[in-house]
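A look at the structure
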Amino acid sequence: MKMKKGDIVKITTGKDKGKTGKILKTLIKKDKILIEGLNLYKKHVRPKREGEKGQMVSVPRPIDISNTALICSSCNQATKIGHRFENKKKVRFCKKCKTTI
Ligand SMILES: [Zn+2]
């Protein structure tokens, strides 16, 4: 898993193709991420009390990381993530502008 919570990603395929959003959660074992406001599905919520109407709410659904690309916070482009060592620490960097992200 190269992405992490708080990263801005762009969806590269499907109905939300081209849209960007922030990662709310990473599901490491499934290689999926949850993006704020994207890949939504409508969920029906039952009324809590009698006489109330049920509601439709939009809930984000996890999306495969292979269907997303990271947006570099430095060059603002969809990019691939590389890894390198800086001061003996493994860091991520943008393969387009080479900035550590
Ligand atoms: Zn960059």
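In this text the structure is predicted, and so the values were computed from the model without any measurement. (Residues numbered from 1 in each chain as written. Predicted model: local features only at pLDDT ≥ 70, side-chain atom pairs only at ≥ 80, totals over all residues. Heavy atoms only, no water.)

Inspection of the secondary structure puts K48 in the loop between strand 4 (40-45) and strand 5 (55-60). Overall, the relative accessible area of 76% leaves K48 in the exposed class. (Helix = DSSP H or I, 4+ residues; strand = E, 2+ residues; numbered from the N terminus. Buried < 20%, exposed > 50% of the residue type's maximum accessible area, 1.4 Å probe, protein only.)

It is worth spelling out the coordination of the zinc ion at this point. Every protein donor of the zinc ion is accounted for by C72 (SG), C75 (SG), C94 (SG) and C97 (SG), and the metal-donor separations fall at 2.2 to 2.3 Å. Taken together, the four donor atoms coordinating the zinc ion span angles of 105 to 116 degrees at the metal, a pattern that classifies the geometry as tetrahedral. In the primary sequence, the donor residues of the zinc ion line up as C-x2-C-x18-C-x2-C. (Donors = N, O, S within 2.8 Å, 3.2 Å for Na, K, Ca; no water. Tetrahedral: all angles 85-135°; square planar, octahedral: opposite > 155°, others 65-115°.)

Moving on, we get to the environment of K43. Within the secondary structure, K43 is located in strand 4. Taking the C-alpha atoms as reference, K43 lies 6.1 Å from S58; in sequence the two are 15 residues apart.

Quick look at the pattern of salt bridges now. Within this structure, the stated rule accounts for four salt bridges. One salt bridge connects R49 with E52, and the closest N-O pair in it is separated by 3.5 Å. Judged by its relative accessible area of 60%, R49 is exposed. We note a salt bridge from R84 to E86, for which the minimum N-O separation is 3.2 Å. On the basis of relative accessible area, E86 is assigned to the partly exposed category, the value being 32%. (Salt bridge = Lys/Arg side-chain N within 4 Å of Asp/Glu carboxyl O.)

Space inside the largest pocket adds up to approximately 180 Å³. Contributing to the lining of the largest pocket are K2, M3, I65, T68, A69, L70, T79, K80 and I81. Counting residues per element, the lining of the largest pocket draws most heavily on strand 7 (residues 68-71), at three residues. Split by residue class, the lining of the largest pocket holds five nonpolar, two polar and two charged. (1 Å grid on protein atoms, 1.4 Å probe; cavity = no way out; pocket = protein on both sides within 12 Å on 5 of 7 lines; lining within 4 Å. Points joined across faces, edges and corners; volume = space filled by probe spheres on them. Nonpolar A, V, L, I, M, F, W, Y, C, P; charged D, E, K, R; others polar.)

Among the nonpolar cores identified, the biggest contains eleven residues, and these are M3, V9, I11, I23, I33, I35, L38, I63, I65, L70 and I81. For this core, the secondary structure elements donating two or more residues are strand 1 (8-11) and strand 3 (32-35). Setting aside anything within four residues of it in sequence, one finds I33 in contact with M1, V9, I23, K25, T26, R61, P62, I63, I65 and T68. (Core = buried A, V, L, I, M, F, W, Y, C linked by side-chain atoms within 4.5 Å. Contact = heavy atoms within 4.5 Å.)

All right, on to the sheet that holds strand 7 then. Spatially, 6-3-2-1-7-8 is the arrangement adopted by the six strands of the open sheet, whose pairing is antiparallel. Of all strands in the sheet, those with a lone pairing partner are strand 6 (63-64) and strand 8 (78-79), marking the two edges. Where strand 1 meets strand 7, three bridges bridge the pair, whose relative direction is antiparallel. The partner of V9 across the bridge, within strand 7, is L70. (Pairing = 2+ DSSP bridges.)

Summary statistics for the chain give a mean pLDDT of 93 and a share of 100% for residues scoring 70 or more. Element-level mean pLDDT values for the chain span from 90 in strand 5 up to 97 in strand 1. (pLDDT = per-residue confidence, 0-100.)

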